[in-house]
Amino acid sequence: MTPSLTHIDAQGTARMVDVGEKAQTQRVAVASGRITMSAAALAAVRAGDAPKGDVLGTARIAGIMGGKRTADLIPMCHPLPIDAINVEFAFEDDGIRVTATASLNGKTGVEMEALTATSIALLTIYDMAKALDKGMVIDQVRLIEKRGGKSGHWRAGDAA
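Residues numbered from 1 in each chain as written. Predicted model: local features only at pLDDT ≥ 70, side-chain atom pairs only at ≥ 80, totals over all residues. Heavy atoms only, no water.

A. A look at the overall build of the protein. Assigned secondary structure in the protein consists of four helices and five strands. From first element to last, N terminus to C terminus, the protein shows the α and β order β-α-α-α-β-β-α-β-β. In the protein, which comprises 160 residues, the share counted as buried stands at 37%. Contacts in the protein between residues far apart in sequence, at least 24 positions, make up 71% of those at least 6 positions apart. Per element, the accessible surface of the protein, about 9,000 Å² overall, is 56% carbon and sulfur. (Helix = DSSP H or I, 4+ residues; strand = E, 2+ residues; numbered from the N terminus. Buried < 20%, exposed > 50% of the residue type's maximum accessible area, 1.4 Å probe, protein only. Contact = heavy atoms within 4.5 Å. Areas by Shrake-Rupley, 256 points an atom, 1.4 Å probe, with all protein chains shown as cover.)

B. Examining the sheet that holds strand 1 (residues 25-36) more closely. Strand order in the open sheet formed by five strands is 2-3-1-4-5, and the pairing between neighbours is antiparallel. Each edge of the sheet is formed by a strand with only one pairing partner; in this case those strands are strand 2 (84-92) and strand 5 (154-155). Of the strand pairs in this sheet, strand 4 (residues 137-147) and strand 5 are connected by two bridges, and their pairing is antiparallel. Looking at strand 5, one finds that E145 is bridged to R155. Each of strand 2 and strand 3 (95-106) touches helix 2 (residues 55-68); the most contacted strand, strand 2, lies at about 140° to it. Contacts between helix 4 (residues 111-129) and the sheet are confined to strand 1, strand 2, strand 3 and strand 4, with strand 1 contributing the most and set at about 25° to the helix. (Pairing = 2+ DSSP bridges. Axes fitted to C-alpha atoms, helices over the stretch in contact; angles between N-to-C directions.)

C. Spotlight on the nonpolar core. Judged by nonpolar contacts, the single largest core of 30 residues is most densely connected at M37, V87, F89, I96 and I125. If you tally residues by element for this core, the top one is helix 4, at eight residues. (Core = buried A, V, L, I, M, F, W, Y, C linked by side-chain atoms within 4.5 Å.)

D. Spatial organisation of helix 2. Compared with an ideal rise of 1.5 Å per residue, which puts 14 residues at 20 Å, helix 2 spans 20 Å between its outermost C-alpha atoms and is within 8% of the ideal. Within helix 2, burial applies to V55, L56, G57, A59, A62, G63, G66 and G67. Looking at the buried side of helix 2, the elements it contacts are helix 1 (39-47), helix 3 (70-73), strand 2, strand 3 and helix 4. For helix 2, the capping residue at the N-terminal end is D54, with a side-chain oxygen 2.9 Å from the backbone nitrogen of G57. (Expected span 1.5 Å × (residues − 1). Polar contact = N/O pair within 3.5 Å; in protein donor to acceptor, adjacent residues only side chain to side chain.)

E. Examining the environment of D54 more closely. With respect to the secondary-structure elements, D54 resides in the loop between helix 1 and helix 2. It is 9.9 Å that separates the C-alpha atoms of D54 and A129, two residues lying 75 residues apart in sequence. A polar contact of 2.9 Å, which involves the side chain of D54, links it to the backbone nitrogen of G57.

F. Representation of the packing of helix 2 against helix 4 in the model. One way to put it is that helix 2 packs onto helix 4 with a least axis distance of 7 Å and a crossing angle of 145°. The interaxial crossing formed by helix 2 with helix 4 has right-handed handedness. Between helix 2, through V55, L56, T58, A59, A62, G63, G66 and G67, and helix 4, the contact on the second element is made entirely by E113, T116, A117, I120, A121, T124, I125 and M128. Looking at the contact of helix 2 with helix 4 residue by residue, the class counts come to nine nonpolar, six polar and one charged. (Left-handed = near helix turned anticlockwise from the far one by under 90°. Nonpolar A, V, L, I, M, F, W, Y, C, P; charged D, E, K, R; others polar.)

G. Structural view of unusual backbone geometry. The backbone of Q140 shows a phi angle near 60°, a positive value even though the residue is not glycine. Residue placement: Q140 occurs in strand 4.

H. Structural context of the packing of aromatic side chains. Taken as a whole and judged by the stated rule, the model has zero aromatic pairs. When the ring centre of F91 is taken as reference, the NZ or CZ atom of R46 above it lies at 4.2 Å. (Phe/Tyr/Trp six-rings, centres within 6.5 Å; stacked < 30°, edge-to-face > 60°. Lys NZ or Arg CZ within 6 Å of the ring centre and 35° of its normal.)

That's the geometry; what it means functionally is another story.
See the structure below:
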């Protein structure tokens, strides 16, 4: 039996899911992605010497702003009263990993907000460092963990 599609009505028309009857729970989502770049670009970002200024500071603010604007970007997302979005960076051998955590107490999850925050932070790193390396690659953007709601706790790598 094929599961019903939640964002399609009986006529096959796209629709926003009604979350009015769902219980409010604490919900948290963590997403991650990375950007690879040349050694010179990575060194400049790490040292704060990129031509456009503070790459990671700007990317953090952009990620937070992007996560808060998810409903404006993804058509079927509900506008959510986000409690917090945190964007963190970790230097790797050939790039930077971005991890965003979004949380709220609400009726629907914040997976898309965490994914959007991660993606916008990565795109901002690209924009801020493209004068140093136009060949940077953004990849591995994915949900790492979600907690709360009817489906409970999920982590990437857990058995399906």
